Protein chains: 2
Amino acid sequence: MDPYPSRLGESEKIVPRLDPVVYHNPATGLPCAGPLSSDQVASYECNGFLVLPSFMQGFVGPLLDEIKALQHTLHGSDKLVYEPDSYAVRTIFDPFGHSEGVRNFFQHPDVLGVAEQLLASKVHLMQSRVNVKPAFSGRSFAWHSDFETWHVEDGMPRMRALTAWIMLSDSTEHNGPLYVIPGSHKEFISCAGITGENNFKTSLRKQTLGVPTEPTMRKVLSRRRIESITGPAGTVVFHECNLLHGSPDNISADARAVLMGVFNSVENRIIMPFGARQPRPEYLCKRDAQPLRRLDMGIEIAG
Amino acid sequence: MDPYPSRLGESEKIVPRLDPVVYHNPATGLPCAGPLSSDQVASYECNGFLVLPSFMQGFVGPLLDEIKALQHTLHGSDKLVYEPDSYAVRTIFDPFGHSEGVRNFFQHPDVLGVAEQLLASKVHLMQSRVNVKPAFSGRSFAWHSDFETWHVEDGMPRMRALTAWIMLSDSTEHNGPLYVIPGSHKEFISCAGITGENNFKTSLRKQTLGVPTEPTMRKVLSRRRIESITGPAGTVVFHECNLLHGSPDNISADARAVLMGVFNSVENRIIMPFGARQPRPEYLCKRDAQPLRRLDMGIEIAG
């Protein structure tokens, strides 16, 4: 039976999370060793995210250059998504498939190593994207859990995935920062509605399905608080797949850009969608669970 | 000649402010005495606003009761404005004309006294309103100067006015707080366009005229920064008429409500609009410059 039913025509409800947040080494029963300290792991477990200020500052310049080039390479492709009200770029999908610099980032031992540490397994990169919230015109994003979409529309069975993202510009209180609800990853909101065919074509511009209703969000926020994720360019964030997040619009003069990638455990192989007829295209969800290899950084990496 | 031409079919430009921010006693040439310290006056002069945390906390409960009643009294009237996408109340106009509690607030010596101190004259209440930014659905407001509108559409000749407002709910980083640009009151943005008839009927829902363009805002923000005005319910803010402000949308579960009133110097009598054929209705701009009297608080008030 599906432990996380959603958009199957039932009414909305909050159900318990049945999966660990931090997975343990099956041999020892203990958390895995890796780049994060045990305090950092505990904070991730409790809050559902971890912010490492300026962690990968050296990557920002080269990544921006590669992404600028990608906007031309991918012009006219489905991999480019625009803002609802203008033709400013909002999202570039699958930069991993098109850029060596992007691959270098996600295969860096300090990034990939964290994903493997928290999920206690090899991982594959299910999705990569660049999100830009343009100055003045960047629109808000409604509260949602990524896992809900991945489960219903892609076929991710359990909560054993996380998003790693790097800020490509400063993220401040005023340029439409990501809002998260710490601790919200510990319950699952089973949404109402039924997913239509090709829902993803409109949902990437403005999400309406898989968005909890106001009464439910009021209930969640009566017990929890909102936190803005801010930091200088180069800050890296690890963000649990079921953490509720959203963001306000950007009326500042500063665009906000991030590169994000979804690490899914190879033990959590993507199967058929739990609430849609057809899986989404490969650029939204790579179904190939080939484990990602750490880049050899010039030293021997164990493992 | 009009020192602040705007929306007269010319192209947009930034021009110097020609008026003082803090007016001086004409007899002595010095700032006036009043409830504010000289440091507070200097901060207002420099930034264009002043925040007094929890200044009038005792007023919050009674004001909320009166305002709740007003929503029924004024049902169906032009004085109630709704959100663009829903029928949630966004603004109530002229609460001063309908509520004793509101009059008590604006005629309180500590509130009215500040206005008289900064403007160095008797003042009249040109406009009063309640603004509500509803939870989840509260929309954003574009950058603008109130003076620009009052000058063009109402006929306020010079910059000798300020808005006093009290937070009727907590204002946080996350419930669509007012963003201001400290120091922006020291220059005037002369806007392009021409004001159509009855522009106010739509502009109160979504402003399009009198809104500086993105290149101009980019120029302003290359030299200045955005600041959020936050504080607990009962916080009072004094806000210079030409300060640029705006606000992002509210995706939190907490509505944000304020009561605001515009104090205009009786020496700055409202004449004919500088850029519109007809003045706006009285509930948007009281043209009667009858000086506001301080409430006798049970003690003798000098002056």
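What this report covers is the structure whose coordinates are included nearby. (Residues numbered from 1 in each chain as written. Chains lettered and ligands numbered in written order. Predicted model: local features only at pLDDT ≥ 70, side-chain atom pairs only at ≥ 80, totals over all residues. Heavy atoms only, no water.)

### Observations regarding unusual backbone geometry
Trans peptide bonds make up most of the peptide bonds, and negative phi angles are found at most residues other than glycine. How we decide: Relative accessible area decides the class of each residue, using a 1.4 Å probe on protein chains only: under 20% of the type maximum gives buried, over 50% gives exposed, and in between gives partly exposed. Only DSSP runs of H or I with at least four residues qualify as helices, and only runs of E with at least two residues qualify as strands; both kinds are numbered from the N terminus onward.
One non-glycine residue, A:F136, lies in the positive phi region at around 65°. Owing to a relative accessible area of 15%, A:F136 belongs among the buried residues under this scheme. Unusually for a residue other than glycine, B:S54 sits at a positive phi of about 55°. Mapped onto the elements, B:S54 comes out in the loop between β2 (49-52) and α2 (60-73). Residue B:S54 is classed as partly exposed on the basis of its relative accessible area, which comes to 26%.

### A few points about the sheet that holds strand β6 (residues 141-144) of chain B
Residue and element names in this part refer to chain B. The test is simple: In this scheme, strands are said to pair when DSSP sees at least two bridges between them. Lines fitted to C-alpha atoms define the axes, with helix axes restricted to the stretch in contact, and inter-axis angles between N-to-C directions lie between 0 and 180 degrees.
Taken together, 4 strands build an open sheet; the order of strands is β6-β12-β8-β10 and the sheet is antiparallel. Where the open sheet ends on each side, the last strands, each with one partner, are β6 and β10 (227-229). Ignoring which end each strand starts from, the neighbouring axes of this sheet average 30° apart.

### Details of the sheet that holds strand β6 (residues 141-144) of chain A
All names here are of chain A. Here we have 4 strands laid out as an open sheet, ordered β6-β12-β8-β10, and antiparallel in their pairing. Whereas interior strands pair on both sides, the edge strands pair on one side only; in this sheet they are β6 and β10 (227-229). On average, adjacent strands in this sheet sit at an angle of 30° to one another, irrespective of strand direction. Pairing geometry for β6 and strand β12 (residues 245-247), over 2 bridges, is antiparallel. By the bridge assignment, H144 is partnered in β12 with H245.

### A word on the interface of chain A and chain B
The cut-off we apply is this: Every residue pair with non-hydrogen atoms within 4.5 Å of one another is taken to be in contact. Two parts placed together each lose some accessible area under a 1.4 Å probe, and the buried area is that loss summed for both. Here, a salt bridge means any Lys or Arg side-chain nitrogen found within 4 Å of an Asp or Glu carboxyl oxygen. Definition of a polar contact: a pair of N or O atoms within 3.5 Å, with one able to donate and the other able to accept a hydrogen when the atoms are protein atoms, and with sequence-neighbouring residues admitted only if both atoms are side-chain atoms. Polar here means any residue outside two lists: the nonpolar Ala, Val, Leu, Ile, Met, Phe, Trp, Tyr, Cys and Pro, and the charged Asp, Glu, Lys and Arg; Gly therefore counts as polar.
With 23 residues of chain A at the contact, the number on the chain B side is 23 residues. Approximately 1900 Å² of surface area, both sides summed, lies buried where chain A meets chain B, with 61% of it carried by carbon and sulfur atoms. Looking at the side of chain A facing chain B, the largest losses of area belong to A:F136, A:H174 and A:I251, adding up to 35% of the total buried there. Scanning the region where chain A abuts chain B turns up 0 salt bridges. Viewed at the interface, chain B and chain A are joined by 11 residue pairs in polar contact (both at pLDDT 80 or more). Elements supplying a minimum of two residues to the side of chain A that touches chain B: β6, α7 (214-223), β10 and β12 of chain A. Top contributing element to the side of chain A that touches chain B by residue count: α7(A), with 4 residues. Among the residues forming the side of chain A that touches chain B, the class breakdown is 11 nonpolar, 6 polar and 6 charged.

### Topic: the packing of aromatic side chains
All names here are of chain A. Which entries qualify depends on this criterion: Aromatic pairing here means that ring centres of Phe, Tyr or Trp (its six-membered ring) are within 6.5 Å. Orientation follows from the plane angle: under 30 degrees is stacked, over 60 is edge-to-face, and everything else is tilted.
According to the stated counting rule, one finds 18 aromatic pairs over all chains in the structure shown. For the ring pair F106 and F263, a centre distance of 6.0 Å and an interplane angle of 75° mean the geometry is edge-to-face. With a gap of 157 residues between them, F106 in helix α3 (residues 100-106) and F263 in strand β13 (residues 256-265) connect regions that are remote in the sequence. Each member of the pair F106 and F263 is classed as buried. Put simply, the rings of F59, F96, F105, F106 and F263 pair up and form one aromatic cluster.

### Brief notes about the relation of the copies chain A and chain B
Filter applied, for reference: Least-squares superposition of the copies uses the C-alpha atoms of those residues scoring a pLDDT of at least 70 in each of them.
The transform that puts chain A on chain B rotates by 180° and translates by 0.0 Å along the axis, for an RMSD of 0.0 Å. Taken together, the rotation and translation relating the two chain copies correspond to the operation of a two-fold axis. When the interface residues of chain A are mapped onto chain B, 100% of them are again interface residues, pointing to one common binding face.

### Quick look at the pairing of strand β11 (residues 236-240) of chain B
Residue and element names in this part refer to chain B. Most of β11 sits inside the fold, with 5 of its 5 residues counted as buried. Every second residue of β11 is oriented toward a common face, with V236, F238 and E240 on one face and V237 and H239 on the other, all of them buried. The pairing of β2 with β11 spans 4 bridges and is antiparallel. What sits directly across from L50, in β11, is F238. In this structure, strand β7 (residues 161-167) lies alongside β11, joined through 5 bridges in antiparallel fashion. Bridged to L162 within β11 is E240.

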